[in-house]
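So the chains spell out like this:
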Amino acid sequence: MSDIVPPEVRPKPAVPAKPPHVGAPSPSSPFPPQGSGVGASISAAPPSGIPVPIGSHGHIGNHNAGHGVGHSGAHAATHGGGHGGSHGLSGGSMLLGYIGIDTIIEQMRKKTMKTGFDFNIMVVGHSGLGKSTLLNTLFKSQVSRRSAGWARDEKIPKTIEIKSVSHFIEEGGVKMKLTVVDTPGFGDQINNENCWEPISKYINEQYEKFLKEEVNITRKKRIPDTRVHCCLYFISPTGHSLRQLDVEFMKHLSHSVNIIPIIAKADTLTIDERQEFKQRVRKELEMGGIEFYPQKEFDEDMEDKSDNDKIREAMPFAVVGSDKEYQVNGKRVLGRKTAWGVVEVENPNHCEFAQLRDFLIRSHLQDLKEVTHNIHYEAYRAKRLNENGGHPLFHNLNLYSNYHFPSPFQECLDDRTLPLRVPPGGYSH
């Protein structure tokens, strides 16, 4: 009986001292902050009003209660504290002190800041719709292909030519490699039959590059990402309806890339005309079974659905782009000057450019990348693997040119739809 410690004199659990650089505990914490120095090794017990599980899997400092007097206080504290992290989550127990798991977000932020971001955006539309100007306005920098040395007197190409230019942008310590992919010549010919095929081919080629890097035996630490994360499709401000070319393009590419339709040069429409045109475009897209980003089936929870429903109701955004500044009411603004005044690009009462920028960059940029990787790229990857019988892709068998395989093994390599078979007795090289 003398070896049993009465409950009122049990050794008190040890709680690790909170680092001095960490702020005060949150108001929701039921325990006072721990001190430092000698008192930190054996600290005060929690208030009696708070239950502490004893003898359960949620060992938090009281595991030493049944070990008897023979265990020293230091060993008991160490033994009791050692079980807090391993069993605390399964028992749903409370933390008795500061651990530091809240620094994970900061660790991720620092890691991401070092590596930077990649964002690849494609613009598609007729010539003269202001594609280059809008991109310069979005990123407040000269990022379009025309800014990269495209001559103004250069003729419109007879066929679609895919042109891309990359820039490194830094803001607030965050670095991003921005790649702008332009499609000059789209829809500018008399016969535009299947004019979307070069664009579709380019998008799939970027998926194929990424897939080849993934299936390599020795992969790069960071695979270069040239996949198109977003496609801005420029709709002519006719005020009537979509052209058949617009419908066919979005129908063929909506399942391989994130398409965001926008009405270009919206200052050519009145407010009523603009609203009626937006409603007509949405109805035609729905009738054609065309899904644009953000797709309804990709909403993860009710909060996402609520936010994305508001965006879908506002699309397609009617925008105006300009990289010129004018003086309006004593301040400099980006706008387009007319005989009746200045159309302010960033004024929500004049156009919806601000909503497009907030949606594209400030709220959904990371989601655009995730949908590209998890949905569109995965669909392409599954298709390619199914074409190959579900086995790794062997695009180039020169890897085996220095080896001598017996005939059964060579036959298996020739038939790529079958799994590799090792002939009896093995093979030599």
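Since the structure is predicted, the reported quantities are computational estimates derived from the model, not experimental observations.

Calculation rules
- Residues numbered from 1 in each chain as written.
- Predicted model: local features only at pLDDT ≥ 70, side-chain atom pairs only at ≥ 80, totals over all residues.
- Heavy atoms only, no water.
- Buried < 20%, exposed > 50% of the residue type's maximum accessible area, 1.4 Å probe, protein only.
- Helix = DSSP H or I, 4+ residues; strand = E, 2+ residues; numbered from the N terminus.
- Pairing = 2+ DSSP bridges.
- Contact = heavy atoms within 4.5 Å.
- pLDDT = per-residue confidence, 0-100.
- Salt bridge = Lys/Arg side-chain N within 4 Å of Asp/Glu carboxyl O.
- Core = buried A, V, L, I, M, F, W, Y, C linked by side-chain atoms within 4.5 Å.
- Expected span 1.5 Å × (residues − 1).
- Axes fitted to C-alpha atoms, helices over the stretch in contact; angles between N-to-C directions.
- Phe/Tyr/Trp six-rings, centres within 6.5 Å; stacked < 30°, edge-to-face > 60°.
- Arc of directions from axis to C-beta.

## A look at the pairing of strand S5 (residues 259–263)
Argument step 1. Judged by how many residues are buried, S5 sits mostly within the fold: five of five residues are covered.
Argument step 2. A two-sided burial pattern is seen for S5, the buried positions comprising Ile259, Pro261 and Ile263 on one face and Ile260 and Ile262 on the other.
Argument step 3. Note: strand S4 (residues 230–235) against S5, five bridges, orientation parallel. When the bridges of S5 are listed, Cys231 appears paired with Ile259.

## Some remarks on the side chain of Ser236
Argument step 1. In this structure, Ser236 sits in the loop between S4 and helix H6 (244–253).
Argument step 2. Those residues within four positions of Ser236 in sequence are excluded, and the remaining contacts are His126, Leu129 and Phe277.

## Some words on the confidence of the model for the protein chain
Argument step 1. Of the residues in the protein chain, 66% have a pLDDT of 70 or more, and the chain-wide mean is 76.
Argument step 2. Low pLDDT, under 50, characterises residues 23–89; the predicted model gives this stretch 61 contacts beyond four residues in sequence or across chains.
Argument step 3. The model gives residues 395–424 a pLDDT under 50, and that stretch makes 33 contacts with residues more than four places away or in other chains.

## Some remarks on the pattern of salt bridges
Argument step 1. Under the counting rule described, the total for this entry stands at 18 salt bridges.
Argument step 2. Salt-bridge contacts for Arg336 lead to Asp267; the nearest nitrogen and oxygen are separated by 2.9 Å. In this pair, Arg336 is assigned in strand S8 (residues 331–338) and Asp267 in the loop between S5 and helix H7 (271–287), connecting sequence segments 69 residues apart.
Argument step 3. By relative accessible area, which is 26% here, Asp267 ends up partly exposed.
Argument step 4. In this structure, a network of salt bridges that share partners links the residues Asp299, Lys305, Asp309 and Arg312.

## Regarding unusual backbone geometry
Argument step 1. Each neighbour pair has its own omega, and for Tyr293 with Pro294 the value is 0 degrees, a cis peptide bond.
Argument step 2. Inspection of the secondary structure puts Pro294 in the loop between H7 and helix H8 (302–314).
Argument step 3. With an omega dihedral of 0 degrees, the bond running from Met315 to Pro316 counts as a cis peptide bond.
Argument step 4. The topology assignment puts Pro316 in the loop between H8 and strand S6 (317–318).
Argument step 5. Notably, Lys140 is not glycine yet its phi reads approximately 50 degrees, a positive angle.
Argument step 6. Inspection of the secondary structure puts Lys140 in the loop between helix H4 (131–139) and strand S2 (163–171).

## Thoughts on the side chain of Glu352
Argument step 1. Of note, Glu352 is situated in the loop between strand S9 (341–344) and helix H9 (353–363).
Argument step 2. For Glu352, a relative accessible area of 12% puts it in the buried group.
Argument step 3. Aside from chain neighbours lying at most four places away, what touches Glu352 is Lys278, Ala314, Pro316, Phe317, Ala318 and Val319.

## Section: the nonpolar core
Argument step 1. In terms of nonpolar packing, the biggest core is built from 73 residues, with Leu232, Phe249 and Ile260 touching the most fellow members.
Argument step 2. In this view, Leu232 contacts Ile121, Met122, Val123, Val124, Leu135, Leu138, Ile260 and Leu360; residues no more than four positions away in its chain are not counted.

## Focus: helix H5 (residues 197–215)
Argument step 1. The end-to-end C-alpha distance of H5 is 27 Å, a good match for the 27 Å that 19 residues give at a rise of 1.5 Å each.
Argument step 2. If you check which residues of H5 are buried, you get Ile199, Tyr202, Ile203, Gln206, Tyr207, Glu208, Phe210 and Leu211.
Argument step 3. On the buried face of H5, the contacting elements are strand S1 (117–124), S2, strand S3 (174–182), H6 and helix H10 (365–387).

## A closer look at the sheet that holds S5
Argument step 1. Within the open sheet, the six strands sit side by side as S2-S3-S1-S4-S5-S6. Their pairing is mixed. Of all the strands in the sheet, just S2 and S6 have a single pairing partner and so form its edges.
Argument step 2. By the bridge criterion, nine bridges tie S2 to S3 in an arrangement that is antiparallel. Along S3, the bridge assignment pairs Val165 with Val180.
Argument step 3. Strand contacts of H10: S1, S3 and S4, with the helix running at about 85 degrees to S1, the strand carrying the most contacts.

## Overview of the packing of aromatic side chains
Argument step 1. Inspection of the entire model under this criterion finds eight aromatic pairs.
Argument step 2. Ring centres of Phe210 and Tyr377 lie 5.2 Å apart, and the angle between their planes is 80 degrees; this geometry places the pair in the edge-to-face category. Of this pair, Phe210 sits in helix H5 while Tyr377 sits in helix H10, placing them 167 residues apart in sequence. With respect to class, Phe210 is no different from Tyr377; both count as buried.

## Observations concerning H7
Argument step 1. Taking 1.5 Å per residue, 17 residues should reach 24 Å; H7 reaches 25 Å between its end C-alpha atoms and fits that length.
Argument step 2. Buried within H7 are the following residues: Arg274, Phe277, Lys278, Val281 and Leu285. The arc that holds the buried residues of H7, viewed along the axis, is 105 degrees, so those residues lie on one side. Turned more than 90 degrees away from the buried face of H7, the exposed residues are Asp272, Lys283, Glu286 and Met287.
Argument step 3. Along its buried surface, H7 packs onto S4, H6, S5, H8 and S6.

## Some remarks on the environment of Asn120
Argument step 1. Topologically, Asn120 is positioned in strand S1.
Argument step 2. Taking C-alpha positions, Asn120 is 8.7 Å from Ser166, a pair spaced 46 residues apart along the chain.
Argument step 3. For Asn120, the residues in contact, after removing those within four places along its chain, are Thr179, Asp225, Thr226, Arg227, Val228, His229 and Cys230.

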